[in-house]
Amino acid sequence: MNEPKAQVARSESREIAELRRLKHDQPDLSSAVDLQIELLQLQRRIQARVPLPSIKLEAEYLGSLLANGPILQFEHLPVDWSDMRLLLRGTASAMRNHEALEEADFRRVEALARDAVHLPSIVRIWYESPRPGAPPVGPEAAGLETVLQQAMRPFLTRASDAVMARSDFTTWTKGFCPLCGAEPDLAVITTAAHRLLICSRCAARWKFDQITCPFCLNPDRRRITSFASRDGQYRLYACGVCERYLKAYDARQASRPVMPAVDSVATLPLDAAAIQKGFR
Ligand SMILES: [Zn+2]
Ligand SMILES: [Zn+2]
């Protein structure tokens, strides 16, 4: 695969341009936008040198792995641990500077980044934690999931892009990611009116039922509240069974494709509204 570098750099600068526009239109989101731009710039610097994942990138082989659950094992991820430590420190400083991380947690991340011996096993437990039967994250990482997720992003998205280019997810009907096993935190409604879920960690996308709740698999549309944002750009699906919600970017009348790094910030007011109504 030779597409990546130029294309990634181009689309990321487009994301940054969209973020700046968002800040101009919604000054209330300034701090969240600035933080997101800093994180993207940090991740882009590293991403340019992340190699392909150590997995055979062959369609039939990947299809056979998909039959038994999420494809990407921890060993497949192209993590460079000195880069990971750099990313942890950079993510934590940016978050602290924008008041998105408590001082005590900032110090915990610093300690984690210094601990070259234990860091890989701590990250492995975090990575595997969404899988059925896996142990939850340990005390070293508990509460730092957002920091880990941001810091791991260059490695996860590189692996995910490479595998996605050679995989067919049409047989995958689950509510969690076919690649890394994490939950979706956004969806996109395509021009064909399909709903694709987008992984919160590796940004993989897969088609999912239009109404069913991906978190508890409740299919009863009477127990799903769905409404559009005032500008019609986003939808929110709130499940009356598990009380969780999912946001979606409606690409049917949009001027640009979904951009998780932009749309996650643009929908912060929707999150606030959903949380106020008791959803999580
Ligand atoms: Zn994923
Ligand atoms: Zn549910």
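Refer to the structure printed above.
What you see is a predicted model, and the numbers here were worked out from it, not measured in a lab. (Residues numbered from 1 in each chain as written. Chains lettered and ligands numbered in written order. Predicted model: local features only at pLDDT ≥ 70, side-chain atom pairs only at ≥ 80, totals over all residues. Heavy atoms only, no water.)

Any chance you could break down the environment of Glu 15 for me, citing the residues and the numbers?
Summarising the element assignment, Glu 15 is placed in helix H1 (residues 4–25). Judged by its relative accessible area of 13%, Glu 15 is buried. A C-alpha to C-alpha distance of 17 Å links Glu 15 and Ile 46, two positions 31 residues apart in sequence. Beyond its immediate sequence surroundings of up to four residues, Glu 15 is in contact with Leu 40, Met 259, Ala 261 and Val 262. (Helix = DSSP H or I, 4+ residues; strand = E, 2+ residues; numbered from the N terminus. Buried < 20%, exposed > 50% of the residue type's maximum accessible area, 1.4 Å probe, protein only. Contact = heavy atoms within 4.5 Å.)

How would you summarise the coordination of the zinc ion (ligand 2) if you had to cite specific residues and measurements?
Bound to the zinc ion (ligand 2) are the protein donor atoms Cys 213 (SG), Cys 216 (SG), Cys 239 (SG) and Cys 242 (SG), situated 2.2 to 2.4 Å from the metal. Metal-centred angles of 102 to 114 degrees between the four donor atoms at the zinc ion (ligand 2) mark the site as tetrahedral. Look at where the donors of the zinc ion (ligand 2) fall in the sequence and you get C-x2-C-x22-C-x2-C. The partly exposed category is assigned to Cys 216, whose relative accessible area is 32%. (Donors = N, O, S within 2.8 Å, 3.2 Å for Na, K, Ca; no water. Tetrahedral: all angles 85-135°; square planar, octahedral: opposite > 155°, others 65-115°.)

Quick one: what's the story with the nonpolar core, residue by residue and with numbers?
Among the nonpolar cores identified, the biggest contains 62 residues, and Leu 77, Met 84, Leu 88, Met 152 and Leu 179 are the most heavily contacted of them. Of the residues forming this core, the biggest block, eight residues, is contributed by helix H7 (residues 145–164). For Leu 88, the residues in contact, after removing those within four places along its chain, are Val 109, Ala 113, Leu 119, Val 147, Leu 148 and Ala 151. Ranked by size, the runner-up nonpolar core spans 25 residues in total, among them Val 33, Ile 37, Ile 198 and Met 259. (Core = buried A, V, L, I, M, F, W, Y, C linked by side-chain atoms within 4.5 Å.)

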